[in-house]
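Chain residues, written in single-letter form:
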Amino acid sequence: MQVYYKVGDTISGDYSSLLSFTIPRETMNQFRPFTFAIFGDMDINSDSSDTVTLMEKTIDEYDLFIHMGDIAYTSLSTHIAVNASRLDDFFTYIQPIAS
């Protein structure tokens, strides 16, 4: 079953494009195998591009990707605005596999 959604800000009126994800369905009281991949400790750089590329290539093999932490190393900056911008960049970077 596909679930469709948008994210955004009601004050500014800025919204993402329509995104979706698939949730498993029970069929005749039998469940199909549920597969997932776990990743983490990833920044936005050439080292992480191999991980993102592999996940994009194998996205149909998994029902779920779990990110376990250390999101984009935002603590490298002491300025909140820079941290927020870095988080925005990170989530845009992983959007093809996260949505």
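Refer to the structure printed above.
Model, not experiment: these values are computed from the prediction.

**Q** Any chance you could explain the nonpolar core here in plain terms?
**A** By size, the foremost hydrophobic cluster in this structure holds nine residues: Ala 37, Phe 39, Met 42, Val 52, Met 55, Phe 65, Phe 90, Ile 94 and Ile 97. Of all the elements in the fold, those that place two or more residues in this core are β3 (36-39), α1 (46-57) and α2 (80-98). Here the element with the most residues in this core is α2; it accounts for three residues.

**Q** Please clarify how the packing of aromatic side chains should be interpreted in this entry.
**A** Given two aromatic rings, their pairing is described by the distance between the two centres and the angle made by the two planes. Here the structure, examined in full by the defined rule, presents two aromatic pairs. Ring geometry for Tyr 62 versus Phe 65: centroids 5.5 Å apart, planes at 50 degrees, classification tilted. Among the residues examined, Tyr 62 registers a relative accessible area of 30% and is labelled partly exposed. Accessibility expressed as a relative area gives 16% for Phe 65, which makes it buried. For the pair Phe 90 and Phe 91, a centre-to-centre distance of 5.5 Å together with 70 degrees between the ring planes defines the contact as edge-to-face. By relative accessible area, which is 41% here, Phe 91 ends up partly exposed.

**Q** What's the story with a nonpolar patch on the surface in this structure? I'm lost.
**A** A cluster of nonpolar residues, Phe 34, Phe 36, Ile 38, Leu 64, Ile 66 and Met 68, forms a patch on the protein surface that exposes about 590 Å² of accessible area. Secondary-structure elements contributing two or more residues to the nonpolar patch are β3 and β4 (64-67). Tracing the backbone through its elements, the reader meets Ile 66 in strand β4.

So, how was this worked out
Residues numbered from 1 in each chain as written. Predicted model: local features only at pLDDT ≥ 70, side-chain atom pairs only at ≥ 80, totals over all residues. Heavy atoms only, no water. Core = buried A, V, L, I, M, F, W, Y, C linked by side-chain atoms within 4.5 Å. Buried < 20%, exposed > 50% of the residue type's maximum accessible area, 1.4 Å probe, protein only. Helix = DSSP H or I, 4+ residues; strand = E, 2+ residues; numbered from the N terminus. Phe/Tyr/Trp six-rings, centres within 6.5 Å; stacked < 30°, edge-to-face > 60°. Patch = residues over 30% accessible without salt bridge, like charges linked within 9 Å, V, L, I, M, F, W, Y side chains within 5 Å. Areas by Shrake-Rupley, 256 points an atom, 1.4 Å probe, with all protein chains shown as cover. Salt bridge = Lys/Arg side-chain N within 4 Å of Asp/Glu carboxyl O.

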